[in-house]
Amino acid sequence: MSADIHQIAASRLVGDGQRYTSIRRQLVDILDAAEHPITIPDIMRLHPNLAQSSVYRNLNVLEQAGVIARVVTDDEWARFELAEDIGGHHHHLICERCGTVRDVQVPDAVESALDESLDSLAAMNGFELRHHRLDLLGVCGACRA
Ligand SMILES: [Zn+2]
Ligand SMILES: [Zn+2]
Ligand SMILES: [Zn+2]
């Protein structure tokens, strides 16, 4: 984990009138180490010493400050990951059968083809495209097997 992530997190929290407490730092480490967006029950399984109410509250504070982001699915549990401008641009593969969410990095060539298509769609609507978010819904390899 680079010290930069902690510096960015600390300054965003300060900007939001919050302190970068040790639990918040620990949650950022957990999300940074996780390969995919994780739920509160995942965090509790990995770190049974943490209090669930405190995890819940502090994730909300980190989300408010723009340090982490919530990945929305129609699953009962929200999933969390580092904010994209910290963790890097990527897309999600969401399995409609088992609910798993995988991060996927899109190759540069595909990403620029995407941007080009989305740019023209935006332009048709008088909209200036600056970023995009794109989740792919379907059936994961494990469920297909
Ligand atoms: Zn699946
Ligand atoms: Zn993600
Ligand atoms: Zn993209």
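Analysis parameters
Residues numbered from 1 in each chain as written. Chains lettered and ligands numbered in written order. Predicted model: local features only at pLDDT ≥ 70, side-chain atom pairs only at ≥ 80, totals over all residues. UniProt positions renumbered as here; feature names shortened; annotations may be inferred. Pairing = 2+ DSSP bridges. Helix = DSSP H or I, 4+ residues; strand = E, 2+ residues; numbered from the N terminus. Contact = placed C-beta atoms within 7 Å. Axes fitted to C-alpha atoms, helices over the stretch in contact; angles between N-to-C directions. Buried ≥ 20, exposed ≤ 12 C-beta atoms within 10 Å, placed from the backbone. Expected span 1.5 Å × (residues − 1). Arc of directions from axis to C-beta.

Quoted verbatim from the Sequence similarities (unreviewed entry) field of the UniProt record, the comment on the protein chain reads "Belongs to the Fur family."

Brief notes about the sheet that holds strand E1 (residues 38-39)
Within the open sheet, the three strands sit side by side as E1-E3-E2. Their pairing is antiparallel. Single-partner strands in this sheet number two, and they are E1 and strand E2 (68-71). Where E2 lies against strand E3 (residues 79-82), four bridges are found, and the strand directions are antiparallel. The partner of Val71 across the bridge, within E3, is Arg79. Each of E2 and E3 touches helix H4 (residues 52-64); the most contacted strand, E2, lies at about 110° to it.

Points about the sheet that holds strand E6 (residues 135-138)
What the three strands build is an open sheet, ordered E5-E4-E6; its pairing is mixed. Each of the sheet's edge strands pairs with one partner strand only, and the pair in question is strand E5 (101-104) and E6. The mean inter-strand angle of the sheet, taken between neighbouring strand axes irrespective of direction, is 20°. Two elements, strand E4 (residues 91-95) and E6, share four bridges in a ladder whose sense is parallel. Across the sheet, the residue bridging to His92 is Asp135, located in E6.

Some points on the pairing of E5
Of the pairings in the sheet, the one linking E4 to E5 comprises four bridges and is antiparallel in character. Within E5, the residue paired with His92 across the bridge is Asp103. The turn linking E4 back onto E5 is made up of five residues, and Gly99 within it adopts a positive phi angle of 85°.

Focus: the environment of Val106
Along the chain, the position of Val106 falls in the loop between E5 and helix H6 (108-124). Given 14 C-beta atoms within 10 Å, Val106 falls into the partly exposed group. With 33 residues separating them along the chain, Val106 and Val139 place their C-alpha atoms 18 Å apart.

Some thoughts on helix H2 (residues 22-33)
For H2, which comprises twelve residues, the first-to-last C-alpha distance of 16 Å matches the rise-based estimate of 16 Å (1.5 Å per residue) to within 8%. Within the sequence span of H2, burial applies to Arg24, Leu27, Val28 and Leu31. Buried residues in H2, looked at end-on, bunch into an arc of 100°, giving them a common side. Residues Ser22 and Ala33 are exposed on H2 and point more than 90 degrees away from its buried face.

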